[in-house]
Structure formats: structure tokens, C-alpha cells
Amino acid sequence: MDKKQLLYEGRAKRVYATESPELLIAAYKDSRGSGAVPGRGAVNNRVSVCLMRMLGQQGIPTHFIDQLSERETLIRRARMIPLKVVVRNVAAGSLCTRLGLREGTRLRAAILEYYYRSAALGDPMINRYHAFELELCTPAELAVIDRYALRVNDILQPFLRGLGVDLIDFKLEFGRLADGTVVLADEITPDTCRLWDAETGEKLDRDRFRRDPGGAKDVSEAILRRMTGETSG
């Protein structure tokens, strides 16, 4: 499967057309906004492939088809729903600021938050009524998104805990296939999650990157190594 026209370039990856109108190639970049870290894209690709494959085996429909190379993944074309869903298990980041919670407070139940994916507006936090007013999705679609998001959490939490990692919070995005089916899309990597070492509390995620951009690849590789026993080579 060969790359054709570049359709989209974001902070983390490029998306290309292929000879099939329903198939795309996602190519992970070493950069993510604030700088490039050699090898980071290959590691994040492998982590996301591992998790997407596992979720698919557990009944979560995704856009993932196959890994093509160390940086490239074959995916189904999905029309992205402009809604970022954040699943929170432990208080951290903006949740602490907004609610006055102490960082590290374990929540009584997982909290779902929605953010309108709009660069012009700064991706503001919204509620379900805003989502319907903006016609981002239908009530039926949001019910499916909520169910999948909580199910993903139920799958990933014990999996990562078994690797000695606490899943603090994470971001998911969804899209619609040509027939309207809602599927999990985009990526799941240490760049889209807060991950803390279960014993030491060491940050193994995007917060670590903010403090030490040069250590981002090492952190992602540590997660990859725990998940698969592999490194990026």
C-alpha cells in the first residue's frame, strides 16, 4: 500500500491518501508542537498499534487495520467527530485547578469531559448540550462514545496496572466510517495519556515531556518495553 496525496498534517502525524478511497496511511512524526525528538514517532506508532490492536480484540471498533512500517499505520478513512473526550481516574492537571482537588486524589468513579476540537477557540471544554447545539454529534452517537470511552478505560486500567503503570487520565477521539459507524480513531500514546509509575509516582507521559523534551523518547520507550518487551530499535 503506497502513500499518495498528503491530506492532513498535525502536530504528531501526517495522513496520506492511498489507492483505496476508504484506506489511509498515518505516518508518525518525531515532533509534537514544541520540538523534535529523534525516534519518538516510531515509538509512539508502536505503542498505539499495540493498544489499538488489543482494544479491537476486546470488541472496541477502531479505525486501525495494520502496522505498515516502524512509523506508518494503515487505517480506515473516518470523518472525525470534532470532540475530544478526556477520561479521568485520578485528579491531575486542569481538574485540580478547576475543582481545587489535590493532585493524586483518586476519583470515586471515572469522569468524562468533552472538549470542542477548534483551534480558533482553543479547544474549549463543553457539555453534551453544547455538543448537540453545535451539531458535533447526535445524542445516540454520544451515548456510543460514552460507552466506548468507559469500556476503553476498563480495559486499559488493569492492563497498564499489570505493567506497574497507573492510568491517570487520557484523551480519545472518534470518527464515523462511510456507513456512519462510530469508531475509535486517532492514537493512544504516552503523548495522549497521563501515566505514572504505580510504585514511585514517576511521570511517564506528556507532563514529563513538558519538563524535559529530550527525555520524551526514553519515557515512551519505557512504556513500549513494559507492554511488548520491544524497543524502537
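Structural data are supplied above this passage.
One structure accompanies this document, and this report is about it. (Residues numbered from 1 in each chain as written. Predicted model: local features only at pLDDT ≥ 70, side-chain atom pairs only at ≥ 80, totals over all residues. Heavy atoms only, no water.)

## Some points on the environment of Gly-10
For step 1, the next point in the chain: Position of Gly-10 among the secondary structure elements: in the loop between strand E1 (6–9) and strand E2 (13–17).
For step 2, the next point in the chain: Its relative accessible area of 15% is what places Gly-10 among the buried residues.
For step 3, the next point in the chain: For the pair formed by Gly-10 and Ser-31, sequence separation is 21 residues and the distance between their alpha carbons is 9.8 Å. (Helix = DSSP H or I, 4+ residues; strand = E, 2+ residues; numbered from the N terminus. Buried < 20%, exposed > 50% of the residue type's maximum accessible area, 1.4 Å probe, protein only.)

## What to know about the pairing of strand E5 (residues 72–76)
For step 1, the next point in the chain: E5 sits mainly inside the fold: four of its five residues count as buried.
For step 2, the next point in the chain: Where strand E3 (residues 23–28) meets E5, five bridges bridge the pair, whose relative direction is antiparallel. Counterpart to Ala-27 in the pairing with E5 is Glu-72.
For step 3, the next point in the chain: Across three bridges, strand E4 (residues 64–67) lies against E5 in antiparallel orientation. Within E5, the residue paired with Asp-66 across the bridge is Leu-74. (Pairing = 2+ DSSP bridges.)

## Looking at unusual backbone geometry
For step 1, the next point in the chain: A positive phi is found at Asp-123, a non-glycine position, where the angle reads about 50°.
For step 2, the next point in the chain: Structurally, Asp-123 can be placed in the loop between strand E7 (106–116) and strand E8 (125–126).
For step 3, the next point in the chain: Residue classification places Asp-123 among the partly exposed residues on the basis of a relative accessible area of 22%.
For step 4, the next point in the chain: The backbone of Glu-135 shows a phi angle near 60°, a positive value even though the residue is not glycine.

## Overview of the pairing of strand E10 (residues 182–185)
Regular strands have side chains that alternate between both faces of the sheet.
For step 1, the next point in the chain: Neither face of E10 is left uncovered, since the one carrying Val-182 and Leu-184 and the one carrying Val-183 and Ala-185 both have all their residues buried.
For step 2, the next point in the chain: Pairing geometry for strand E9 (residues 165–176) and E10, over four bridges, is antiparallel. Considered in E10, the bridge of Arg-176 is made with Val-182.

## A look at the sheet that holds E5
In a beta sheet, neighbouring strands are held together by backbone hydrogen bonds and run either parallel or antiparallel to one another.
For step 1, the next point in the chain: Read across the sheet, five strands follow the order E1-E2-E3-E5-E4 without closing on themselves; strand pairing throughout is antiparallel. Of all strands in the sheet, those with a lone pairing partner are E1 and E4, marking the two edges. On average, each strand axis in the sheet is inclined to that of its neighbour by 25°, with strand direction left out of account.
For step 2, the next point in the chain: Both E2 and E3 contribute to a ladder of five bridges, which runs antiparallel. Across the sheet, Tyr-16 pairs through a bridge with Ile-25, a residue of E3.
For step 3, the next point in the chain: Across the sheet, helix H1 (residues 40–57) touches E3, E4 and E5, and the angle it forms with E4 is around 130°. (Axes fitted to C-alpha atoms, helices over the stretch in contact; angles between N-to-C directions. Contact = heavy atoms within 4.5 Å.)

## Observations concerning the packing of H1 against helix H4 (residues 139–161)
Each pair of packed helices can be summarised by the angle the axes make with each other and by the distance between the axes.
For step 1, the next point in the chain: Their axes nearest at 11 Å, the elements H1 and H4 cross at an angle of 120°. Classified by the angle between their axes, H1 and H4 sit oblique to one another. With respect to the hand of their crossing, H1 and H4 are arranged in right-handed fashion. Each of Leu-51, Met-54 and Leu-55 in H1 lies in contact with H4, whose residues at this interface are Val-152, Ile-155, Leu-156 and Phe-159. (Parallel < 35°, antiparallel > 145°, perpendicular 65-115°, else oblique. Left-handed = near helix turned anticlockwise from the far one by under 90°.)

## Section: H1
For step 1, the next point in the chain: The terminal C-alpha atoms of H1 lie 26 Å apart, and with 18 residues this matches the ideal 26 Å at 1.5 Å per residue to within 8%.
For step 2, the next point in the chain: Among the 18 residues of H1, 15 are classified as buried, and the element is accordingly described as predominantly covered. (Expected span 1.5 Å × (residues − 1).)

## Observations concerning H4
For step 1, the next point in the chain: Here H4 spans 33 Å end to end across 23 residues, near enough to the 33 Å set by a 1.5 Å rise per residue.
For step 2, the next point in the chain: Buried within H4 we find Glu-141, Leu-142, Val-144, Ile-145, Asp-146, Tyr-148, Ala-149, Val-152, Asn-153, Ile-155, Leu-156 and Leu-160.

## Describing the pattern of salt bridges
For side chains bearing opposite charge, pairing can occur when the charged atoms are close.
For step 1, the next point in the chain: Following the criterion strictly, the structure yields 23 salt bridges and no others.
For step 2, the next point in the chain: One salt bridge connects Lys-3 with Glu-72, and the closest N-O pair in it is separated by 2.7 Å. With Lys-3 in the segment before E1 and Glu-72 in strand E5, the pair connects residues that are 69 residues apart, well separated along the chain.
For step 3, the next point in the chain: Residue Lys-3 is classed as partly exposed on the basis of its relative accessible area of 37%.
For step 4, the next point in the chain: Of the charged contacts in the structure, one is a salt bridge between Arg-71 and Glu-70, with a shortest N-O distance of 4.0 Å.
For step 5, the next point in the chain: Three or more residues are tied together by salt bridges with common partners; here these are Lys-13, Arg-117, Lys-171, Glu-173, Asp-186 and Glu-187. (Salt bridge = Lys/Arg side-chain N within 4 Å of Asp/Glu carboxyl O.)

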